[in-house]
Amino acid sequence: MDMSVTVSAASAEPQREKAEAKTIARGANASDLDAWLEKVEALGELKRITAEVDPDLEAATITYLVGGQKSPALLFENIKGHPGHRALYNMIGCNLSRFCLMIGEQPVDHPLKAVQILQNKLGRKMPPKEISADQAICNQNIVEGDDIDIRIFPAQRMWPLDGGMYLGTGDAVITKDPETGRINVGTYRMMIKGPREVGVYTSPGKDATIDREKWWKMGKPMPIAAAYGIDPLLFLVAATSLPKTECEYDYYSGINGAPIEVFTSDLTGLPLPARAEIVLEGFLYPDETFAEGPFGEFTGYYGRPSGATPFMRVERVRYRDNPTLTCALMADTAANEAGLFWAALRSAGVWADLQKLGVPGIKGVWSIPEAAGWGITVVSLKQMYAGHAAQVMALAAQCTAGAYFGKYVIVVDEDVDPTNVNQVLWAMATRSRPAQSIDILRETWSTYLDPSLNPPEIRPWGSKCLINACMDYRFIKTFSKRTKLSKDAYDNVVARWQELGLSGTPPVISVFEDETSPESVG
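Looking only at helices and strands, the protein chain has 13 helices and 24 strands in total. Its C-alpha radius of gyration of 25 Å places the protein chain within 12% of the 24 Å reference for a compact globule of 522 residues. Dimensions of the protein chain, computed from C-alpha atoms along their principal axes, come out at roughly 90 × 55 × 40 Å. The burial tally for the protein chain puts 54% of its 522 residues in the buried class. The contacts of the protein chain with a sequence gap of at least 6 include a subset with a gap of at least 24, amounting to 72%. Of the roughly 22,400 Å² that the protein chain leaves accessible, carbon and sulfur atoms contribute 53%. Averaged over its 52 positive side-chain charges, the protein chain has a centre that lies 4 Å from the centre of its 64 negative ones.

Axes are the key here: two packed helices are described by the angle between their axes and the distance separating the axes. Interhelical geometry of helix α5 (residues 111-122) versus helix α8 (residues 248-256) gives an angle of 120° and a closest axis separation of 8 Å. Between α5 and α8, the crossing angle belongs to the class labelled oblique. Here α5 and α8 pass one another in a crossing that is right-handed. Residue-level contacts link L118, K121 and L122 of α5 to Y251, G254 and I255 of α8. Partitioned by chemical class, the residues of the contact of α5 with α8 number four nonpolar, one polar and one charged.

The five strands lie next to each other as β20-β21-β22-β24-β23, forming an open sheet whose pairing is mixed. At either margin of the open sheet sits one strand with a lone partner, and together these are β20 (362-367) and β23 (438-445). Within this sheet the neighbouring strands show an average axis-to-axis angle of 20°, counted without direction. Judged from the five bridges that link them, strand β22 (residues 408-413) and strand β24 (residues 461-469) form a sheet pairing that is parallel. Of the residues in β24, the one forming a bridge with V412 is A469. Contacts from helix α9 (residues 339-356) reach β20 and β21 (376-381) within the one sheet, and its direction differs from that of β20 by about 150°. Contacts from helix α10 (residues 388-398) reach β20, β21, β22, β23 and β24 within the one sheet, and its direction differs from that of β24 by about 150°.

This paragraph deals with a nonpolar patch on the surface. There is a patch of nonpolar side chains on the surface, built from V493, L500 and L502 and spanning about 210 Å² of accessible area. Summarising the element assignment, V493 is placed in helix α13 (residues 487-495).

This structure, assessed with the given rule, holds zero disulfides. A disulfide-free cysteine, C465 has its sulfur positioned 14 Å from the sulfur of C470, the nearest such atom.

Within the structure shown, the criterion is met by 38 salt bridges. Across the salt bridge formed by D211 and R182, the nearest N and O atoms sit 3.0 Å from each other. Linking D211 in helix α6 (residues 207-217) with R182 in the loop between β8 (172-176) and β9 (183-186), this pair joins segments that are 29 residues apart in sequence. Take D211: its relative accessible area is 0%, and that puts it in the buried class.

It is worth spelling out the sheet that holds strand β13 (residues 261-264) at this point. Strand order in the open sheet made by the three strands is β5-β13-β14, with mixed pairing throughout. Where the open sheet ends on each side, the last strands, each with one partner, are β5 (129-130) and β14 (271-273). For β13 and β14, the ladder comprises three bridges, and the chain directions are antiparallel. Note on β14: the bridge partner recorded for V262 is P273.

All buried positions along helix α11 (residues 421-431) are accounted for by V424, A427 and R431. Along the axis of α11, the buried positions cluster into a sector of 65°, meaning they face one direction only. More than 90 degrees from the buried face of α11, the exposed residues found are N422 and A429. Where α11 is buried, its residues meet β21, β22 and β24. A side-chain oxygen of the first residue of α11 lies 3.0 Å from the backbone nitrogen of N422; this N-cap is N420.

As a further point, take the packing of aromatic side chains. Evaluated as defined, the whole model comprises 15 aromatic pairs. With 5.5 Å between their ring centres and 75° between their planes, Y64 and W159 make a pair best called edge-to-face. In this pair, Y64 sits in helix α3 (residues 58-67) while W159 sits in the loop between β6 (141-144) and β7 (166-168), placing the two residues 95 residues apart along the sequence. An angle of 90° between the planes, with centres 5.9 Å apart, marks the rings of F290 and F311 as edge-to-face. In this pair, F290 sits in strand β15 (residues 278-292) while F311 sits in strand β18 (residues 307-319), placing the two residues 21 residues apart along the sequence. Both residues of the pair, F290 and F311, count as buried. Linked through ring pairs, F235, F298, F341, W342, W374, Y404, F405 and W445 together constitute an aromatic cluster. The lysine or arginine in question, K193, covers the ring of F311, its NZ or CZ lying 4.9 Å from the ring centre. Positioned above the aromatic ring of Y404 is the side chain of K206, whose terminal nitrogen or guanidinium carbon lies 3.8 Å from the ring centre.

G293 connects to P294 through a cis peptide bond whose omega is 5°. By the secondary structure assignment, P294 is in the loop between β15 and β16 (295-296). Between N454 and P455 the backbone carries a cis peptide bond, its omega angle lying at 0°. Of note, L57 is a non-glycine position whose phi angle comes to about 80°, a positive value. Mapped onto the elements of the fold, L57 is located in the loop between β2 (46-49) and α3. With phi around 55°, N90 is a residue other than glycine that occupies positive phi space. Structurally, N90 can be placed in the loop between β4 (86-89) and α4 (96-102).

Its place among the elements puts S203 in the loop between β11 (197-199) and α6. In sequence terms S203 and E281 are 78 residues apart; their C-alpha atoms lie 21 Å from each other. When residues no more than four places from it in sequence are discounted, the contact partners of S203 are T209, Y404 and T447.

Attention shifts here to the environment of L167. With respect to the helices and strands, L167 occurs in strand β7. Exposure remark for L167: the relative accessible area of 0% places this residue in the buried category. Spatially, the C-alpha atom of L167 lies 16 Å from that of A238, the residues being 71 residues apart in sequence. Beyond its immediate sequence surroundings of up to four residues, L167 is in contact with I150, F153, A155, M190, I192, Y228, L280 and L325.

Rules and cut-offs
- Residues numbered from 1 in each chain as written.
- Predicted model: local features only at pLDDT ≥ 70, side-chain atom pairs only at ≥ 80, totals over all residues.
- Heavy atoms only, no water.
- Helix = DSSP H or I, 4+ residues; strand = E, 2+ residues; numbered from the N terminus.
- Rg over C-alpha atoms; globule rule 2.2 N^0.38 Å.
- Buried < 20%, exposed > 50% of the residue type's maximum accessible area, 1.4 Å probe, protein only.
- Contact = heavy atoms within 4.5 Å.
- Areas by Shrake-Rupley, 256 points an atom, 1.4 Å probe, with all protein chains shown as cover.
- Lys, Arg positive; Asp, Glu negative; His and termini not counted.
- Charge placed at Lys NZ, Arg CZ, Asp CG, Glu CD.
- Axes fitted to C-alpha atoms, helices over the stretch in contact; angles between N-to-C directions.
- Parallel < 35°, antiparallel > 145°, perpendicular 65-115°, else oblique.
- Left-handed = near helix turned anticlockwise from the far one by under 90°.
- Nonpolar A, V, L, I, M, F, W, Y, C, P; charged D, E, K, R; others polar.
- Pairing = 2+ DSSP bridges.
- Patch = residues over 30% accessible without salt bridge, like charges linked within 9 Å, V, L, I, M, F, W, Y side chains within 5 Å.
- Salt bridge = Lys/Arg side-chain N within 4 Å of Asp/Glu carboxyl O.
- Disulfide = S-S within 2.5 Å.
- Arc of directions from axis to C-beta.
- Polar contact = N/O pair within 3.5 Å; in protein donor to acceptor, adjacent residues only side chain to side chain.
- Phe/Tyr/Trp six-rings, centres within 6.5 Å; stacked < 30°, edge-to-face > 60°.
- Lys NZ or Arg CZ within 6 Å of the ring centre and 35° of its normal.

See the structure below:
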């Protein structure tokens, strides 16, 4: 089946004469994204790229090459074929300080501190604040009907075999449950089909998929909106799995410490983020699909090659003057834009779920960013009773925050830092017993994006490996003693670090020997 969009200079070039728009009066030309970028620049972590960069592969290639290590956010200010438009990549990347900034905090020195802060903030949800449409920055320019050409925005092709130009990667897609009225805000890939048509790929079981099926069962098109140029915090809550009965706007507001501002559209009836820089609105109609993809996904593989995917018929476009398109590169290892924040949010969610379930002794939870953000979750606990570790493994694997896609759950003792892969591997090698310490859960919730499951038709169903890397509780009192540093010796070395001519800062150690050594040795 032929693709509806041919990737070439001709097809990607927008028809600019159709982009004429009416401008409305409003206040200062500043978005939530602008405010965040100012803070990032003040930290010295924003790189403005003024040289011309092609949105077809080049911007993403630059991002991948610098994104595998601690690197700045990349703001492309001179995009080929799109004067007056900007594109932002590597919003968070693998940078803990920018993640802290995203959740409204000062940088911290350890990932678990950030997870604990986020966990506390997830519990203080608050509803959004309704404002009038004329106060919304995205309403500076409004284009409707046949005048619409979404190709004026610098959609990106990130990987050589991507099926087209993707407008939606770092996005927030708004849908509504027609039965309950619950508003969902999710992140879904969106490939351009034509001037007024953009694909909306959603995995089975995701909220937008469920909403869509309900609308279509009623014989009605689904109203939908997509926002770009958004506050990275909105991307955070949109791109993760939160309870299906709750609205991501409420979580955004709670983490932010102030309600997100929204206005209700008279076209779709959806509450739209007023401080977003670009908003598309329209409808998904039953039986209207096109061949979308493939797309280079967060697993580091192309996800679901070309298939029948619903597309939005765009009825209205709203955008601020000189907008910025937020872009999220999906890639292998640390270059994955979503790796760190998925890790932190999944960790905070699993930690919170375990506490809600009344499980004691949890000392830390970490989902390893380099393992596609969701692939491996490690829980550190103080064992308190027989079966404690097995209980934690099973619940961490299937609680609301941990159920989707994750393949491995590893439980370690409290003396192991779950964010330190070296320590986790050491615990697995010295405390787990393969014949007794590994369990498998079958027919769990997976995704079409998992390349390991073949044929592709089986991909909604996966499995999980539970690894108990804790000391055997039955023999914990007589388990071989691990080697630990002396607290006094450690403190002395830390105090003399510079004197000793050692570079950097000394590692933070929290586990020390608590027994007294024999009076004589040898």
